[in-house]
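Coordinate analysis (summary)
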Amino acid sequence: MEHFVNSKDNSPTVMLMMLCMRCTLGGGEKRYGRVFEMLADQTDSSHKLLITRELIDLLRKAGILVGYDEHLVVLDPPFRKTERLSQKSIRRVLRPLLVVLDILWYIWQIHKAVRQYKPDVVHPHLNAIYFSLPVLVLNPKVCHVMSANAEKFRPSKGHNPIGAEIATWLKHYAMHRCDVIDALSEARKAAVVERGVSPDKILVNPGSFTDYSLCQPAAQKEKWVVFLARLIEEKGPHLLVQAIPRVLAQEPDVHFYILGEGYLEHDIAEAIQELGITNNVTLRFETRPTEVLNQSQIFTSLNLLNSYPNQALLEAMGCGNAVVATDIGENYLLVDEKVGVRVPPEPDAIAKAIVDLLRSPNLSEMQKAARQRALTEHTPERFFEYITSVYHRAI
């Protein structure tokens, strides 16, 4: 395969932005953290990454962006963290003001960075999609790449309704204004086109990737089943919790790992306690999930929305796990009968699929096929070739 070669002579300088108000570590953050590593490895320090301090700390715990200090512009928003110094009675009054002040601070920092480093292309992620808009409007010569990672434009549950409306409008505007859109899948492209964006400026990426050097499947696997995702409704952790007693009724020596954090964490912990399954379930956040995935036999991907190409799923497949996935969206592109089974998002169906896989004489072959598919079809090199073509297209 022919690859782009990044050099000062023929490649645009890129400023990647990964900024957040409440930072968590998910597949998208890992993916573009590793993308920037590849960018930085191809050239000198002309590429820059603007990143929130909280997020860079999380990524480094996962072994990402370690040793790239010269390429980083680390931002630590100063206002909202002062909220904890206030008395509890006035925090609710202060919080909206402090959020606005931090947003204005972010916008100013982006403005300074763009003026100082003069990138050819700016590629914002997370909250940077919104923070960067005023600066990009004032600097029309800077090319703007947007990533469409979700089919719905509206923020997830838990956001302020007024803020959600503003965010939705800003995302619409950014999609229309930007030079190129990097769509995570054909379904995401279709969703953007439905909103009036020209299909001519949308490129569809070839699928995600992960750092397979950490994926070293154990020769003798444990009877473990893993869920790895944010603990939010769309990821379906409650489906697995409800399925676990049904599995244990037939396979009592199975151990389940629920790895993640999110607003459902307390509810999940309570449900595990109430169902009397605490001895068979480990619930925690894991910065290096391959340490578990290399030992486990089955991975569950239970998203209620289209999640293709699921970063955690690729990591699990690379570690040699057979898969139980919800039959939703484009999951069929990654999960078929060779590597696992797709099921409706129902606890009974999930439990039956887990038991059937554990008892299947073909389980070992499925695990090997899953690893082979991840390592050959979803490689870092393939994704980097694609994203480099996006940056070239933007200019």
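First, a word on scope: everything that follows refers to the structure included in this document.

Parameters at a glance
Residues numbered from 1 in each chain as written. Predicted model: local features only at pLDDT ≥ 70, side-chain atom pairs only at ≥ 80, totals over all residues. Heavy atoms only, no water. Core = buried A, V, L, I, M, F, W, Y, C linked by side-chain atoms within 4.5 Å. Buried < 20%, exposed > 50% of the residue type's maximum accessible area, 1.4 Å probe, protein only. Helix = DSSP H or I, 4+ residues; strand = E, 2+ residues; numbered from the N terminus. Phe/Tyr/Trp six-rings, centres within 6.5 Å; stacked < 30°, edge-to-face > 60°. Salt bridge = Lys/Arg side-chain N within 4 Å of Asp/Glu carboxyl O.

Observations regarding the nonpolar core
Counting residues in each nonpolar core, the largest one holds 36 residues, and the members touching the most others are Leu65, Ile387 and Tyr391. Of all elements in the fold, only β1 (14–19), α1 (27–42), β2 (48–52), α2 (53–61), β5 (143–148) and α14 (380–394) reach the threshold of two or more residues within this core. A per-element tally of this core places α14 first, with 7 residues. Judged by nonpolar contacts, the second largest core, of 33 residues, contains Leu231, Ile298, Leu302 and Ala353.

Quick notes on the packing of aromatic side chains
Evaluation of the coordinates by the stated rule reveals 6 aromatic pairs. Taken together, a centroid distance of 6.1 Å and an interplanar angle of 75° make the contact between Tyr32 and Phe383 edge-to-face. Within this pair, whereas Tyr32 is found in helix α1, its partner Phe383 is found in helix α14, the two being separated by 351 residues in sequence. Relative accessible area serves as the criterion here: at 2%, Tyr32 is assigned to the buried category. Judged by its relative accessible area of 0%, Phe383 is buried.

Considerations on the pattern of salt bridges
On inspection of all chains with the given rule, the structure shows 13 salt bridges. For Arg373, the salt bridge is made with Asp336, and the minimal N-O distance between the two is 3.0 Å. Taken together, the residues span a long stretch of sequence, with Arg373 in helix α13 (residues 363–377) and Asp336 in the loop between β12 (322–326) and β13 (340–343) at a distance of 37 residues. Residue class for Asp336 comes out buried when judged on its relative accessible area of 19%. Within this structure, Lys223, Glu251, Asp253 and Arg359 form a network of salt bridges that share partners.

Interpretation note: all reported values are geometric properties and have no functional meaning in isolation.
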